[in-house]
Amino acid sequence: MALSVQEFSGVAATSPLDVAAGKSASSVSPSSGAVTPTLPGDLAVGFIAGHGNKQTINVTAPGYTSQPQQTSAATQVASVVTGYSILSTVSAQTFTGSLGTPMYWASGITMFKPVAAVSNDFSIAATPATATVTASHTHPFPARTGGTSGPSPHTPPPRRRPP
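Let us look at the structure shown here. A quick note: this is a predicted structure, and the numbers were derived from the prediction, not measured. For every chain, the first residue of the written sequence is number 1, and numbering continues from 1 along that sequence. Predicted model: local features are reported for residues with pLDDT of at least 70 only, side-chain atom pairs are reported and counted for 80 or more only, and whole-chain, interface and lining totals are derived from all residues. Side-chain numbers here rest on the full set of heavy atoms in the structure, without hydrogens or water.

The helix and strand tally for the chain stands at 0 helices and 10 strands. Ordered by position from the N terminus, the helices and strands of the chain form the series β-β-β-β-β-β-β-β-β-β. Here the term buried applies to any residue with accessible area under 20% of the maximum for its type, exposed to any over 50%, and partly exposed to those in between, with areas from a 1.4 Å probe on protein chains only. Each of the 163 residues in the chain was classed as buried or not, and the buried ones make up 25%. In short, Shrake-Rupley with a 1.4 Å probe defines the accessible areas, and a residue's cover is counted only from the protein chains shown. Looking at the chain as shown, the accessible area adds up to about 11300 Å², and 58% of this sits on carbon and sulfur atoms. Secondary structure elements are taken from DSSP: a helix is a run of H or I of four residues or more, a strand is a run of E of two residues or more, and numbering for both begins at the N terminus.

See the structure below:
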């Protein structure tokens, strides 16, 4: 048996699976089959597994970071290689590889949804342009549209400590 374990952050905690595909055959060109994520930012994780000999499995899928191949030392040889990619667009993906000689293989690809982005957008509106303080003091505050973050132009001056 050959096994590859990976840990990722930034994946949705609730219903993380987006889409998946898989195939198996005997040839020199393993391929998971195509699958299209439903939104950008998905984490794509693919694998190619083979058995019967210890040959190298080369990942040929463009844009994927491959992990080291794992091959069993038992008399029943099994190998697995994995790869991942964070997708910036919604386009069909296939996890592919190449073998030196034909062997039986299985290949798959799974898309995981990203954590939902937290919106930092906000807006504040205020009317009227003057405010009345209960101590019978009225002070005009200019109303502005747009704006930037930073200290308020109405920040009181620093206070001194009494001697």
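Now that the structure has been shown, we can carry on.
Let us look at the packing of aromatic side chains. Side-chain rings of Phe, Tyr and Trp, where Trp is taken by its six-membered ring, are said to pair if the distance between their centres is within 6.5 Å; with planes under 30 degrees apart they count as stacked, over 60 as edge-to-face, and otherwise as tilted. Here the structure, examined in full by the defined rule, presents 2 aromatic pairs. Geometrically, the ring pair formed by Tyr64 and Phe95 is edge-to-face, given 5.4 Å between the ring centres and 75° between the ring planes. Taken together, the residues Tyr64 in the loop between β3 (57–59) and β4 (65–66) and Phe95 in the loop between β6 (78–86) and β7 (97–99) connect sequence positions 31 residues apart. Taking the relative accessible area as the measure of exposure, Phe95 reaches 0% and is therefore buried.

What follows is about the nonpolar core. Only buried Ala, Val, Leu, Ile, Met, Phe, Trp, Tyr and Cys residues count toward a nonpolar core, and they belong to the same one when joined by side-chain atoms within 4.5 Å. Ile57, Tyr64, Phe95, Ile109 and Met111 are the most contacted members of the largest nonpolar core, which has 15 residues in total. Residue assignment for this core shows that the elements contributing at least two residues are β2 (43–51) and β8 (103–112). Ranked by residue count, the leading element in this core is β8, at 4 residues. Not counting chain neighbours up to four residues away, the residues in contact with Ile57 comprise Ile48, Gly50, Gln69, Ser79, Val81, Ser98, Leu99 and Met103. What makes two residues a contact is simply this: any of their non-hydrogen atoms within 4.5 Å.

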